[in-house]
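Structural overview
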Amino acid sequence: MQVIILPSARDVALYAADCVVDVIDARTNPVLGLATGSTPIALYKELVVRYQSKQVSFRHTTSFNLDEYIGIADSHEQSYRTFMNRHLFDAIDIIATNTHVPLAESQDAGTLKKSAQDYEASIQQAGGIDLQILGIGLNGHIGFNEPTSSFASRTRIKTLSESTVIANKRFFKDGEFQPHLALTMGIGTILDSNAVLLMATGKAKAEAVKAMIEGPLSAMCPASALQLHEAATIVLDEEAASLLALKEYYQWCEQKRQQLHEGNVS
Ligand code: GLP
């Protein structure tokens, strides 16, 4: 894992935007894995700014989102499709049919299962994901892979944990139906990406971040599976990094990496 600790949440967003633009510049038909949640909003804002100032075009980019709530329409105010359209897709030149969010409106198990299989097949057809953006849940989930999810899991139906339902309650109106199920890429699906970039900001994420980076490899912390990925970058602000035992070591590594990049091995 490459652990990068930056002064602020804004720096985390700028760093992530640089990584996305680098992938788009390097590939003829880039494939991005995208995430929802509050954390990547600043990244998407920055990508829109770079698109508007003609620093990047998404014309040839394909995207796959991690997850979607089961049982609400794409057009629902709280669907992840609506989130992505609002925060990114509608503001850039990506071709709408090249943006993929799991189709999860159905309440029929067979239809949802088929939708999950089709999602996996579409990722394969696109040539796999070049860079997967991730956030992390308070309980260490990635996508909607809750604690005890198999490290080998693929896109499937997942029941949300109580902690996740409570954390996401703020987005739903009082008395409004709040889904307890989601269709999510599996941990195995995420690990198949060529590279992953997990963003975490704020003190509330510090425990989960510590468990992911320094805890044992454990299904109790789904994000710890990223320890198995050969190209996983974890980019943190100071608050999210505050509980790391080896914080100074990661900063030292980053300094050495920069020096090496400049041809200095001292
Ligand atoms: C949701 C999403 C995750 C996201 C998590 C954390 O549960 N399914 O992909 O990482 O929320 O969101 P936030 O960034 O708002 O803390």
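Residues numbered from 1 in each chain as written. Predicted model: local features only at pLDDT ≥ 70, side-chain atom pairs only at ≥ 80, totals over all residues. Heavy atoms only, no water.

Section: helix H8 (residues 247–261)
Heads up, the rule is: A helix here means a DSSP run of H or I that spans at least four residues, while a strand means a run of E at least two residues long, and both kinds are numbered starting from the N terminus. To estimate how far a helix should extend, the number of its residues minus one is multiplied by 1.5 Å. Buried, partly exposed and exposed residues are distinguished by accessible area as a fraction of the type maximum, computed with a 1.4 Å probe on protein chains only: under 20%, between the cut-offs, and over 50%, respectively. Should any heavy atoms of two residues lie within 4.5 Å, those residues are counted as being in contact.
Look at H8: 21 Å from first C-alpha to last across 15 residues, which is about the 21 Å you get at 1.5 Å a residue. Of the residues making up H8, those classed as buried are Lys-247, Tyr-250, Glu-254 and Gln-259. Looking at the packing, one finds that the buried side of H8 touches strand S1 (2–6) and helix H7 (206–214). Where H8 ends, the next residue or the one after it, Gly-263, has phi of about 80°, a positive value.

Regarding the site of the ligand
Formally: We call a residue near a given molecule or strand whenever any one of its heavy atoms falls within 4 Å of it. N or O atoms closer than or at 3.5 Å make up a polar contact, with two conditions inside protein: a donor-capable atom paired with an acceptor-capable one, and, for residues adjacent in sequence, both atoms drawn from side chains. Residue-level accessible areas treat just the shown protein chains as cover; the underlying method is Shrake-Rupley with a 1.4 Å probe. In this classification, the charged set is Asp, Glu, Lys and Arg, the nonpolar set is Ala, Val, Leu, Ile, Met, Phe, Trp, Tyr, Cys and Pro, and all remaining amino acids, among them Gly, are polar.
By nearness alone, 14 residues border the ligand, and Ser-38, Thr-39, Asp-67, His-141 and Lys-205 come closest of all. With respect to the ligand, the backbone of Ser-38 contributes an N or O atom lying 2.7 Å from an oxygen atom. In this structure, Lys-205 approaches the ligand through a side-chain N or O atom, which is 2.5 Å from an oxygen atom. Summarising the interface, the protein chains cover 92% of the accessible area of the ligand, which totals 390 Å² for the free molecule. Here the shell around the ligand is built from residues that sort into 3 nonpolar, 8 polar and 3 charged.

Regarding the sheet that holds strand S10 (residues 232–237)
Let me state the cut-off plainly: We call two strands paired when DSSP finds no fewer than two bridges between them. Geometry is summarised by axes, namely lines fitted to C-alpha atoms with helices restricted to the contacting stretch, and by angles between N-to-C directions that run from 0 to 180 degrees.
The sheet built from 7 strands is open, its strands ordered S1-S10-S9-S6-S2-S3-S5 with parallel pairing. The open sheet has two edge strands, S1 and strand S5 (99–100), and neither has a second partner. Sheet analysis places S1 next to S10, joined by 5 bridges and oriented parallel. Considered in S10, the bridge of Gln-2 is made with Thr-233. Sheet strands touched by H7: S1, strand S9 (195–200) and S10. Its angle to S10, the strand with the most contacts, is close to 150°.

Concerning the packing of aromatic side chains
Note the cut-off: Any two rings among Phe, Tyr and Trp, with Trp reduced to its six-membered ring, count as a pair given centres within 6.5 Å; such a pair is stacked if its planes are under 30 degrees apart, edge-to-face if over 60, and tilted if neither.
The tally for this structure, following the rule as stated, stands at 6 aromatic pairs. Geometrically, the ring pair formed by Phe-64 and Tyr-119 is edge-to-face, given 5.7 Å between the ring centres and 80° between the ring planes. Taken as a pair, Phe-64 in strand S3 (residues 62–65) and Tyr-119 in helix H4 (residues 109–125) lie far apart in primary sequence, 55 residues in all. Assessed through its relative accessible area of 0%, Phe-64 is described here as buried. Summarising the aromatic geometry, the rings of Tyr-69 and Tyr-80 are spaced 4.8 Å apart at their centres and angled 45° between planes, so their arrangement reads as tilted. Placement of Tyr-69 in strand S4 (residues 67–69) and of Tyr-80 in helix H3 (residues 80–87) is noted, with a sequence separation of 11 residues between them. Assessed through its relative accessible area of 2%, Tyr-69 is described here as buried. On the basis of relative accessible area, Tyr-80 is assigned to the buried category, the value being 10%. Chaining the aromatic ring pairs together yields one cluster made of Tyr-69, Tyr-80, Phe-144 and Phe-172.

So, a nonpolar patch on the surface
Let me state the cut-off plainly: Residues enter patches when their relative accessible area tops 30% and they take part in no salt bridge; the joining distance is 9 Å for like charges and 5 Å for the nonpolar side chains Val, Leu, Ile, Met, Phe, Trp and Tyr. Here, a salt bridge means any Lys or Arg side-chain nitrogen found within 4 Å of an Asp or Glu carboxyl oxygen.
Together, Leu-246, Tyr-249 and Trp-252 make up a nonpolar patch on the protein surface, roughly 340 Å² of accessible area in all. Summarising the element assignment, Trp-252 is placed in helix H8. Take Trp-252: its relative accessible area is 46%, and that puts it in the partly exposed class.

Comments concerning the packing of helix H1 (residues 9–26) against helix H2 (residues 41–52)
Quick reminder of the rule: Any angle from 65 to 115 degrees is called roughly perpendicular, while one under 35 is roughly parallel, one over 145 is roughly antiparallel, and all others are oblique. For a crossing to be left-handed, the near helix must be turned anticlockwise from the far one by less than a right angle; the clockwise case is right-handed.
Interhelical geometry of H1 versus H2 gives an angle of 55° and a closest axis separation of 8 Å. Considered as vectors, H1 and H2 are oriented oblique to each other. With respect to the hand of their crossing, H1 and H2 are arranged in right-handed fashion. In this structure, H1 contributes Arg-10, Ala-13, Leu-14, Ala-16, Ala-17, Asp-18, Val-20 and Val-21 to the contact, and H2 contributes Ala-42, Leu-43, Glu-46, Leu-47 and Arg-50.

Remarks on the side chain of Ser-153
By secondary structure assignment, the location of Ser-153 is in the loop between strand S6 (131–134) and strand S7 (156–159). Residue classification places Ser-153 among the buried positions, given a relative accessible area of 8%.

Here's the deal with the packing of H2 against H3
Between H2 and H3, whose axes approach to 10 Å, the crossing angle comes to 40°. The orientation of H2 relative to H3 falls into the category oblique. Two secondary-structure elements touch here, H2 through Ile-41, Tyr-44 and Val-48 and H3 through Phe-83, Met-84 and His-87. Across the contact of H2 with H3, the residue classes tally to 5 nonpolar, 1 polar and no charged.

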